[in-house]
Amino acid sequence: MSPVSIAVLAVGMSVDALLVSLGRGAAMRQARLLEALRTGVVFGIVEAITPLIGWAAGFAASQYVAAIDHWIAFGLLAIVGGRMMLHSFKPAEERVAAAVGGSLWVLMATAVGTSIDAMAVGVSLAFLDVNILVIAAAIGCATFVMSTGGMLAGKLIGGSFGRWAERAGGLALVGLGLSILVNHLSAG
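So, here is what we can say about the structure in this document.

Calculation rules
- Residues numbered from 1 in each chain as written.
- Predicted model: local features only at pLDDT ≥ 70, side-chain atom pairs only at ≥ 80, totals over all residues.
- Heavy atoms only, no water.
- Core = buried A, V, L, I, M, F, W, Y, C linked by side-chain atoms within 4.5 Å.
- Buried < 20%, exposed > 50% of the residue type's maximum accessible area, 1.4 Å probe, protein only.
- Helix = DSSP H or I, 4+ residues; strand = E, 2+ residues; numbered from the N terminus.
- Contact = heavy atoms within 4.5 Å.
- Expected span 1.5 Å × (residues − 1).
- Bend = angle between axes of the 7 residues up to and from the residue.

Among the nonpolar cores identified, the biggest contains 12 residues, and these are Ile6, Leu9, Ala10, Met13, Ala118, Val121, Leu125, Val130, Ile132, Ile135, Ile139 and Ala142. The set of elements that each furnish at least two residues to this core consists of helix H1 (3-26), helix H4 (104-125) and helix H5 (132-157). Excluding residues within four positions of it along the chain, Ala10 makes contact with Ala138, Ile139 and Ala142. In this structure, Val20, Phe43, Val46 and Val80 belong to the second largest nonpolar core, which totals 10 residues.

Between the first and last C-alpha of H4 there are 30 Å, a value that for 22 residues agrees with the 32 Å anticipated at 1.5 Å per step. Residue Ser115 marks the point of greatest curvature in H4, where the axis turns by about 40°.

This part is about the environment of Met13. Locating Met13 in the fold gives a position in helix H1. For Met13, a relative accessible area of 9% corresponds to the buried category. Considering only alpha carbons, one finds Met13 and Gly140, 127 residues apart in sequence, at a separation of 9.1 Å. Among all residues touching Met13, those that are not within four sequence positions of it are Glu47, Asp117, Ala118, Val121 and Ile139.

Set out below in structure tokens:
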């Protein structure tokens, strides 16, 4: 793959993490660099690992992963996105506390939910002559930058738009999951 193709792939795999980060950042009362960096690190690491897992699975048992990856992606993204949308209806104090003090497990579940598509890409890359380590590193770095920036930019949206940004982020996750599901079901 050319460097431009790798960059396009990396940015494409990072967009969903950016949307989630924008929603999280908008729900915060004050921009917290450490929280933004934590989000970026978690999303970046998970997004870098999943194509490696997919790539390895491509050699070991691609037909099994390909048979269920769309259901896993849909389920995780629908749950996380639905939770985000429901969360946006809570009082501002509860929303801010959850966004700022959200558990690492919720952050990890969100990161996994937004990175299932990278696993599917990793499966397909197993059949190409590519350097998976370079691609995974590019995806992880792009996701780190985009989700950290998304958290900080989300704050610029402001608290008044936080509910709508969180709803939009949740809807985007559900839509992404539904899109993955529909694409796989209509192709097969």
